[in-house]
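Here are the chains, one letter per residue:
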Amino acid sequence: MAAELLDGRSLATRIEDGLRAEVGTYATLFGRRPRLVVVLVGGMAASASYVKSKAAAATRVGIDSEVVAVPGTATTEELVALVTAIARGDHGAADGILVQLPLPLQVDKTAVLDAVPPDRDVDGFHPENAGLLSQGRPRFIPCTAAGVQRMLIDAGVETAGRRVVIVGRSDIVGRPLALLLSAKPPRAPAPVGASGCDATVTLCHSRSTDLPSLSRQADVLVAAVGRPGLITADMVRPGATVIDVGVNRVDGRLVGDVDFEPVRTIAGRITPVPGGVGPLTVAMLLANTLLAAELRSRQG
Ligand code: NAP
């Protein structure tokens, strides 16, 4: 029997509906709307398209946004200065500041991301936010990891005591997701059937030996690699939940890291690409931007 499809688009729409109401309440209370400033460096079509969809989603829920576009020849120093100026208010109020990745090769990505003040870091990449997450008291959670967790919770996929295998250990997706899913629940004891935490997590990468034997142990298998078709049907335990984070362009078409059709016949649940994790990444960015605005308004 074919696996149940986990529809990220419809979940993202439901999240946006809730956020629109919360943003409205925020605007009534504080007399202004949350505002997101996005830095777009260079002319990569994929980055421009991601930024466009983030700005459109912000508009849908009532969050103001501005895209600051700079040429691909920008230096590290120029970008650090730009982010600092945005934080100072040179581009209007900025509750959330996001630097769209990837950055050109000549740029020191870490220096630029570290320039984003941690209380406006809606991507959750600043070391202070990574540290809070690793201590189990998250503030801004990297959006894709938060989106995957939200999808598991929404689908009722139990993670407590279950084995989660994540392939890919990046700071953006795999590592924060491993921290989230292996964390203790916010309130102990966990409710019966608790989802989204308390998992036993295996974090795999390019040096992991015998990946198929590891992935076959997974109740929940997450692929976040960037290699089309890496996860084949023989690597999946029958009935497992398979979350495909990968976004790859093959022959002009978007595909994930999972060999979708064969794996669909084995898995219990599976995310499509596109229309799976991607829309949730954007929804979580909006949620982080509202949180950033609330934190700033309460502080000041
Ligand atoms: P990344 O920084 O390049 O990390 C890739 C990870 O995969 C690394 O940990 C790497 O191992 C591991 N890896 C590479 N080849 C492998 C192999 N053959 N077997 C096992 N592990 C392997 O990528 P990323 O930024 O995390 O992104 C991963 C994918 O997710 C990309 O396709 C990206 O486009 C997509 N993505 C999607 C969304 C979304 O919203 N849907 C958001 C972010 C990213 P090493 O650490 O050993 O090098």
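The present account deals with the structure reproduced in this document. What you see is a predicted model; the values in this text were computed from it and never measured.

Thresholds applied
Residues numbered from 1 in each chain as written. Predicted model: local features only at pLDDT ≥ 70, side-chain atom pairs only at ≥ 80, totals over all residues. Heavy atoms only, no water. Helix = DSSP H or I, 4+ residues; strand = E, 2+ residues; numbered from the N terminus. Rg over C-alpha atoms; globule rule 2.2 N^0.38 Å. Buried < 20%, exposed > 50% of the residue type's maximum accessible area, 1.4 Å probe, protein only. Contact = heavy atoms within 4.5 Å. Areas by Shrake-Rupley, 256 points an atom, 1.4 Å probe, with all protein chains shown as cover. Near = heavy atom within 4 Å. Polar contact = N/O pair within 3.5 Å; in protein donor to acceptor, adjacent residues only side chain to side chain. Nonpolar A, V, L, I, M, F, W, Y, C, P; charged D, E, K, R; others polar. Axes fitted to C-alpha atoms, helices over the stretch in contact; angles between N-to-C directions. Parallel < 35°, antiparallel > 145°, perpendicular 65-115°, else oblique. Left-handed = near helix turned anticlockwise from the far one by under 90°.

## Considering the overall build of the chain
So, step 1. Counting its secondary structure elements, the chain contains 10 helices and 11 strands.
So, step 2. Radius of gyration (C-alpha) of the chain: 19 Å, near the 19 Å computed for a compact globule of 300 residues.
So, step 3. With the C-alpha coordinates aligned to their principal axes, the bounding extent of the chain is approximately 55 × 45 × 30 Å.
So, step 4. Put simply, the chain has 300 residues, and 48% of those count as buried.
So, step 5. The long-range fraction of contacts in the chain, counting pairs at least 24 apart against all pairs at least 6 apart in sequence, stands at 71%.
So, step 6. Roughly 13,900 Å² of accessible area belongs to the chain as shown, and the carbon and sulfur atoms make up 54% of that amount.

## What to know about the site of the ligand
So, step 1. In the vicinity of the ligand there are 20 residues, among which Arg169, Ser170, Ser206, Val247 and Thr281 approach most closely.
So, step 2. A distance of 3.4 Å separates a nitrogen atom of the ligand from a polar backbone atom of valine 245.
So, step 3. Note that an oxygen atom of the ligand is positioned 2.7 Å from one of the side-chain N or O atoms of threonine 281.
So, step 4. If the ligand stood free it would expose 930 Å²; the protein chains cover 70% of that surface.
So, step 5. When the residues that make up the shell around the ligand are grouped by side-chain class, the tally is 8 nonpolar, 10 polar and 2 charged.

## Topic: the environment of alanine 111
So, step 1. Along the polypeptide, alanine 111 turns up in helix H4 (residues 109–114).
So, step 2. On the accessibility criterion, alanine 111 (26% relative accessible area) is partly exposed.
So, step 3. Each C-alpha atom of the pair alanine 111 and glycine 24 lies 35 Å from the other, and the pair is 87 residues apart in sequence.
So, step 4. Setting aside residues no more than four positions away along its own chain, alanine 111 makes contact with Thr76 and Val80.

## As for the packing of helix H1 (residues 8–30) against helix H10 (residues 277–299)
So, step 1. The contact between H1 and H10 brings their axes to 9 Å, and the two run at 15 degrees. The orientation of H1 with respect to H10, classified from their angle, is roughly parallel. At the point where H1 passes H10, the crossing takes the left-handed sense. Between H1, through Gly8, Arg9, Leu11, Ala12, Ile15, Glu16, Leu19, Glu22, Val23, Tyr26 and Phe30, and H10, the contact on the second element is made entirely by Pro279, Leu280, Ala283, Met284, Leu286, Ala287, Leu290, Ala293, Glu294 and Ser297.

So yeah, pure geometry; function would need other evidence.
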